[in-house]
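# Geometric and topological summary
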Amino acid sequence: MFQATMIRNAILVLLVTVLIDNVMSESCQPIKIEKGLNYLNCSWEGISHIPDPLDDTAEVLDFSNNNFLELPYLSESQECNDNCHVINDSKVHCRYDVSFSRNDIFTFHEHALHSLRCLRTLDLSYNDIKASILHERTFQEGAYKLENLILRGNPLGELPDNVITAPFMSRIRYIDLSHCQLKEIGENSVDDHAQLSTLNLSYNQLKEIKGSTFKALKNLRVLDLSHNKLKTLGHQVFADLTNLDSLILADNEIVSFARHAFYRDSRLQTLDLSLNSLESVPYQALQELSEIKHLILSYNPMTSVSNPYQSIVMSSVKTLEIEGMGAMTKMSKGSLAAFPSIVTLSLRKNRNLKSIDLEFLADNTPNLREVYLDYNGLHTLYEDSFPWEQLTTMRLDGNPWLCDYRLQWMIRSTAVQPKSVICAGPVQVQGRDIKALHPSLLQRPYTVSYIITIIILSISLPVVAIFGYFLWKRRNHLRCCTDIQGRYVSVYTRDADSDNEDKVDIEVKINHRRLKAVSNGNADDSQPFITMEKPTATEDKEEEEDL
């Protein structure tokens, strides 16, 4: 009884599922034409099986966001075998684009793609496909003209050798393997695709790229390895990519490049090295890139971008991005000497970048047209740092500008746009647009040394004045010398050939002569001063006899 009940319930569930699928299949939107193709939209219908019958005229099939657990078998008109190139033919309708994105697919029907001889795009993104499923010759039966394969968001884990092989997909141009939890790529997993132009391996867990991984991809134009865990890039790892235009290595853990990581005659034009662990610009590796035009160095722990190798000049670089450098505090003299031809310079969001040397460009400005200096830590900027008259774009907003005499030139400059420079100081102009200020308001700032000098002068000048006044008041009491006819005698100092006894002897002789003169009636005793002459030898003898 119990088993019978279980069987009956299972049959009921199966019938309900079939009925629901039938109802859902009938609710698929009717065929409409988009971009010249018959488009059947069955997305978001909650179905898990292909509608039966499937419209033979549908050329674009969208079964995304449903409940498919298996990639089903898809039929195609027999006329399509030899007429894949015929589009908009009322008699021939082929399956060109098929999407099963965002389902729960974890396995494939045995002949899922066998009949799709004209399929150009297959989107299986965000399902539950693992690498083991890809061993079952999935792409080796049919889909010979596939150009775009999207496996994005599947838990592949690895990419074994000979999975996506050229003999069965000789026309493949675009492969998206991003967000696939890839930890390793086989050396022969994506090689020998002569037509492959774009390979997306971003948002995986790759730690190493072997030298032969990308061999024979002569026509690869875009390689995206961003958001992985790469640390170093070895010798000639990109050597075979002779036609590569864009290499994206952003958000890895790269600390160094091998000197010859790139092919000498590489045609690479865009290199993104942002969000890595580079402490300096790998100039020796980059010198091989003779045609690079766009170089992105942003968000690395660099303190400087200066070039220690004077012989290396990257004259092909037109756009240089140096953004988000938290460790960079200044742009020194000649920092960008290696880039003589830059047209666009982006120095944005370097919060600790507080000063830019007057000659940081080293006269490399003949082609400069666009400069972005917004959201740094700049307080001031020299007028002669940039050729303002030739710039077409200049961003200065978001900096803590100190609006003093050094920024007076901004008021008259036509290159500085209104409301782009808002003063952060001093207090009297804080929050105001510098273009709205009068030059007289931008004064020399009161620096610490200036304040100390003012204090010292304020203290020393009164002291000097008081001391001078004291000397002036005591001028009559500080007589320095006395004139004696025939000889100079210092009152305060001792003469080199005299001493105190000589002074006393002279005074005695003077007094004796004075008394003698008075007694003879030759002098007035009331005379306060006596003019003295040096006594002769005879006078000295007479004085001695009188004594």
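Provided above is the structure to which this section pertains.
Residues numbered from 1 in each chain as written. Predicted model: local features only at pLDDT ≥ 70, side-chain atom pairs only at ≥ 80, totals over all residues. Heavy atoms only, no water.

With that out of the way, let us pick up the overall build of the chain. Looking only at helices and strands, the chain has 6 helices and 26 strands in total. Across the 547 residues in the chain, those meeting the buried criterion constitute 41%. For the chain, the share of sequence-separated contacts (at least 6 apart) that also reach a separation of at least 24 residues comes to 61%. With the model as given, the accessible surface of the chain reaches about 30300 Å², and the carbon-plus-sulfur share is 53%. (Helix = DSSP H or I, 4+ residues; strand = E, 2+ residues; numbered from the N terminus. Buried < 20%, exposed > 50% of the residue type's maximum accessible area, 1.4 Å probe, protein only. Contact = heavy atoms within 4.5 Å. Areas by Shrake-Rupley, 256 points an atom, 1.4 Å probe, with all protein chains shown as cover.)

For the bond running from aspartate 52 to proline 53, omega is 0°, close enough to zero to count as cis. The omega angle of the peptide bond from glycine 425 to proline 426 is -5°, so this bond is cis rather than trans. Note on placement: proline 426 falls in the loop between β24 (423-425) and α4 (448-473). Notably, glutamine 236 is not glycine yet its phi reads approximately 55°, a positive angle.

In this section: the packing of aromatic side chains. Applying the stated criterion to the full structure yields 9 aromatic pairs. On the numbers, 5.2 Å between centres and 85° between planes, the contact of phenylalanine 68 with phenylalanine 100 is edge-to-face. Here the residue phenylalanine 68 occupies a position in the loop between β3 (60-62) and β4 (70-71), and phenylalanine 100 occupies one in the loop between β5 (97-99) and β6 (107-108), the gap between them amounting to 32 residues. Summarising the aromatic geometry, the rings of tyrosine 283 and phenylalanine 339 are spaced 6.2 Å apart at their centres and angled 40° between planes, so their arrangement reads as tilted. Taken together, the residues tyrosine 283 in helix α2 (residues 283-286) and phenylalanine 339 in the loop between β18 (330-331) and β19 (344-346) connect sequence positions 56 residues apart. Accessibility classification places tyrosine 283 together with phenylalanine 339 in one group, the buried group. Here the aromatic cluster, defined as three or more aromatic residues joined through ring pairs, consists of Phe360, Phe386, Trp388 and Trp409. Over the face of the ring belonging to tyrosine 126 we find arginine 102, whose NZ or CZ atom lies 4.1 Å from the ring centre. (Phe/Tyr/Trp six-rings, centres within 6.5 Å; stacked < 30°, edge-to-face > 60°. Lys NZ or Arg CZ within 6 Å of the ring centre and 35° of its normal.)

Our next topic: empty space enclosed by the protein. Over the atoms rolls a probe the size of a water molecule, and its path tells where empty space is left. Applying the stated criterion across every chain yields a total of 1 cavity of 30 Å³ or more. The space that makes up the largest cavity amounts to roughly 30 Å³. Surrounding the largest cavity, Phe238, Leu241, Leu244, Phe262, Tyr263, Ser266 and Leu268 form its lining. Residues of the lining of the largest cavity, tallied by class, amount to 6 nonpolar, 1 polar and no charged. (1 Å grid on protein atoms, 1.4 Å probe; cavity = no way out; pocket = protein on both sides within 12 Å on 5 of 7 lines; lining within 4 Å. Points joined across faces, edges and corners; volume = space filled by probe spheres on them. Nonpolar A, V, L, I, M, F, W, Y, C, P; charged D, E, K, R; others polar.)

In this fold, asparagine 276 is placed in the loop between β15 (270-272) and α2. Given a relative accessible area of 7%, asparagine 276 falls into the buried group. As for asparagine 276 and serine 256, which are separated by 20 residues in sequence, their C-alpha atoms are 9.8 Å apart. When residues no more than four places from it in sequence are discounted, the contact partners of asparagine 276 are Leu249, Ala250, Asp251, Asn252, Glu253, Ile254, Tyr299, Asn300 and Pro301. Of the polar contacts made by the side chain of asparagine 276, one reaches the backbone oxygen of serine 274; its length is 3.0 Å. (Polar contact = N/O pair within 3.5 Å; in protein donor to acceptor, adjacent residues only side chain to side chain.)

This brings us to the pattern of salt bridges. For the structure on display, the rule yields 13 salt bridges. With a closest N to O distance of 3.7 Å, arginine 120 and aspartate 97 form a salt bridge. Here arginine 120 is found in the loop between β6 and β7 (121-123), whereas its partner aspartate 97 is found in strand β5, with 23 residues between them in sequence. For arginine 120, a relative accessible area of 24% puts it in the partly exposed group. Aspartate 374 serves as the salt-bridge partner of arginine 348, at 2.9 Å between the closest nitrogen and oxygen. Within this pair, whereas arginine 348 is found in the loop between β19 and β20 (355-356), its partner aspartate 374 is found in the loop between β21 (370-372) and β22 (393-395), the two being separated by 26 residues in sequence. Overall, aspartate 374 belongs to the buried group, its relative accessible area being 0%. Via salt bridges that share partners, Glu323, Arg348, Asp374, Arg395 and Asp397 belong to a single interconnected network. (Salt bridge = Lys/Arg side-chain N within 4 Å of Asp/Glu carboxyl O.)

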